[in-house]
Amino acid sequence: MDRRSLIRQAGIAGVLATGIAPAVHAQAAVRWRLASSFPKSLDTIFGSAETFSRVVKELSGGRFEVSIHAAGELMPAFGVVDALQNGTIEMAQTAPYYFTGKDSIFAFGCAVPFGLTARQMDAWMEHGNGRKLMDAFYAKYNMRSFSAGNTGTQMGGWFRKEIKTVADLKGLKMRMGGGLFGEAMAKLGVVAQNMPAGEVYQALEKGTLDATEFVGPHDDEKLGFNKVAPYYYYPGWWEGGAELEFFVNTKAFDALSAENKAIVDAATKVAARDMTAKYDAMNPVALKRLVAAKTQLKAFSKEIMDAGFKASMEVFAAHEAKSAEFKKIHQDMRAFQRDQILWSRFSEYRFDSYLSTVKL
């Protein structure tokens, strides 16, 4: 049902009750540009930006349009925060932990080692202190945030050789998405490389990279990593649930009418839910194809997981010692996580554990 039909059928009281207030006066057309850090080939992540743009246009009756630009069209993949900060663009879609070179706190907007799952992240952001804390931080960069969707727990990545022990990690050149994970892996001897997804295949093929992590089976298959690195490890303990974000220039958002602000909020929610659902639907199908194509699926050993956990906690402690703001956000997230883990013991963890042992 379109907006005009809704207004006619529900009446003004009904429409106000839904939170979709009709414009009293005709509004000027709004045209925004959104720069993504991702290529168009990723129908999951880049698709979230496309969904957002479509919903904004539909809800506004065409008065509000957002043009979507893939990485490299308007600026490099990692140039979007600078562009937002100086007002070159109104909006971006990215992974916040790409920008930990500016400040390590950016990682909490996306994923940290042994952090929150997708549902836990959503709960912390929207009904805990997450969004409030992160938007207070993002204000330094003249922007605010909305969820663009979550990948869910990611895979541990593609390796050109088997990784059986911690010693096998030493000297390994590995592409990582960014964030505190790189610091933790450096403690284990890994040489972290941060590069856009589109450049990874050739680097693996040429041997300038030994390994890469990206997201999971659906995206990884599209990028062809199985053709140049046969060992596929799990889980990605550094990304229990990676949140992608829509960043919006604060001045541009504040200039919107109340109706258009509500449209942005609603459209981001539609796009975020769609992305996460798409990952859950597509990943198992892609994983079966990858295994059928001779991908060697491997679990990280407990030794490696324990070493990763120890290294990660050391990294968090070091950053807490340097930044009171980092400590405040980290401690808030961990307190929330402890309650979530407690609840999961009595709900989904027990339920899923049982179902994994029976034939459906």
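Conventions and cut-offs
- Residues numbered from 1 in each chain as written.
- Predicted model: local features only at pLDDT ≥ 70, side-chain atom pairs only at ≥ 80, totals over all residues.
- Heavy atoms only, no water.
- Helix = DSSP H or I, 4+ residues; strand = E, 2+ residues; numbered from the N terminus.
- Rg over C-alpha atoms; globule rule 2.2 N^0.38 Å.
- Buried < 20%, exposed > 50% of the residue type's maximum accessible area, 1.4 Å probe, protein only.
- Contact = heavy atoms within 4.5 Å.
- Areas by Shrake-Rupley, 256 points an atom, 1.4 Å probe, with all protein chains shown as cover.
- Core = buried A, V, L, I, M, F, W, Y, C linked by side-chain atoms within 4.5 Å.
- Pairing = 2+ DSSP bridges.
- Axes fitted to C-alpha atoms, helices over the stretch in contact; angles between N-to-C directions.
- Salt bridge = Lys/Arg side-chain N within 4 Å of Asp/Glu carboxyl O.
- 1 Å grid on protein atoms, 1.4 Å probe; cavity = no way out; pocket = protein on both sides within 12 Å on 5 of 7 lines; lining within 4 Å.
- Points joined across faces, edges and corners; volume = space filled by probe spheres on them.
- Nonpolar A, V, L, I, M, F, W, Y, C, P; charged D, E, K, R; others polar.
- pLDDT = per-residue confidence, 0-100.

### Considering the overall build of the protein
Right, so step 1: Secondary structure summary: the protein contains 13 helices and 11 strands in total.
Right, so step 2: Computed over C-alpha atoms, the radius of gyration of the protein comes to 21 Å, within 12% of the 21 Å expected from 2.2 N^0.38 for 360 residues, which places it in the range of a compact globule.
Right, so step 3: By principal-axis analysis of the C-alpha atoms, the protein measures approximately 65 × 50 × 40 Å.
Right, so step 4: Counting across all 360 residues of the protein, residues that qualify as buried make up 49%.
Right, so step 5: Within the protein, contacts between residues separated by at least 24 positions form 76% of all contacts whose residues are at least 6 apart in sequence.
Right, so step 6: Surface accessibility of the protein: about 16700 Å² in total, with carbon and sulfur atoms responsible for 55%.

### Quick notes on the nonpolar core
Right, so step 1: Counting 106 residues, the largest nonpolar core has Trp32, Phe52, Trp124, Phe159, Met185 and Phe246 as its most contacted members.
Right, so step 2: If you tally residues by element for this core, the top one is helix α10 (residues 258-292), at 7 residues.
Right, so step 3: Not counting the four nearest positions on each side in its chain, Met185 is found in contact with Leu169, Met174, Met176, Val190 and Trp237.

### Observations concerning the sheet that holds strand β1 (residues 30-36)
By definition, the strands of a sheet pair up through backbone hydrogen bonds, in either a parallel or an antiparallel sense.
Right, so step 1: Strand order across the open sheet formed by 5 strands is β2-β1-β3-β10-β4, with mixed pairing between neighbours. Of all strands in the sheet, those with a lone pairing partner are β2 (64-69) and β4 (143-150), marking the two edges. Neighbour to neighbour, the strand axes of the sheet diverge by 25° on average, direction disregarded.
Right, so step 2: Where β1 meets β2, 6 bridges bridge the pair, whose relative direction is parallel. Bridged to Trp32 within β2 is Val66.

### Some words on unusual backbone geometry
Right, so step 1: In this model, Tyr234 is joined to Pro235 through a cis peptide bond whose omega is -5°.
Right, so step 2: Structurally, Pro235 can be placed in the loop between β9 (231-234) and β10 (243-249).
Right, so step 3: Residue Asn142 is not a glycine yet carries a positive backbone phi of 60°.
Right, so step 4: Examined against the element boundaries, Asn142 turns out to sit in the loop between α5 (130-138) and β4.
Right, so step 5: Its relative accessible area of 35% is what places Asn142 among the partly exposed residues.

### Topic: the pattern of salt bridges
Right, so step 1: Within the structure shown, the criterion is met by 19 salt bridges.
Right, so step 2: Linking Glu245 and Arg131 is a salt bridge whose minimum nitrogen-to-oxygen distance equals 2.7 Å. On the criterion of sequence distance, the pair formed by Glu245 in strand β10 and Arg131 in helix α5 is long-range, its members being 114 residues apart.
Right, so step 3: Between Lys310 and Glu314 there is a salt bridge, and its shortest N-O distance comes to 2.7 Å. Residue Lys310 and its partner Glu314 are both found in helix α11 (residues 302-322); the two are separated by 4 residues, about one turn of the helix.
Right, so step 4: Each of Glu126, Arg131, Glu243 and Glu245 takes part in one network of salt bridges that share partners.

### Remarks on the pairing of β9
Right, so step 1: In this structure, strand β5 (residues 157-159) lies alongside β9, joined through 3 bridges in antiparallel fashion. Residue Phe159 lies in a different strand from β9, and its bridge partner there is Tyr231.
Right, so step 2: In this structure, β9 lies alongside strand β11 (residues 296-299), joined through 4 bridges in parallel fashion. If you follow Tyr231 over to β11, its bridge partner there is Gln296.

### Description of the layout of surface pockets
Right, so step 1: Reported here for the largest pocket is a volume of approximately 1100 Å³.
Right, so step 2: Every residue lining the largest pocket is counted, 36 residues in all, and those nearest its centre are Thr117, Gln120, Thr153, Ser344 and Glu348.
Right, so step 3: Breaking the lining of the largest pocket down by element, the ones donating at least two residues are α4 (118-127), α10, α12 (324-346) and α13 (348-355).
Right, so step 4: Residue classes in the lining of the largest pocket are distributed as 15 nonpolar, 16 polar and 5 charged.
Right, so step 5: A volume near 400 Å³ is recorded for the second largest pocket.

### A look at the confidence of the model for the protein
Right, so step 1: On average, the protein scores 93 in pLDDT, and the residues at 70 or more come to 92%.
Right, so step 2: Taken together, the stretch residues 3-8 has pLDDT below 50 and engages in 12 contacts with residues farther than four places along the chain or on a different chain.
Right, so step 3: Here residues 10-18 scores under 50 on pLDDT; set against residues more than four positions off or in separate chains, the count is 9 contacts.

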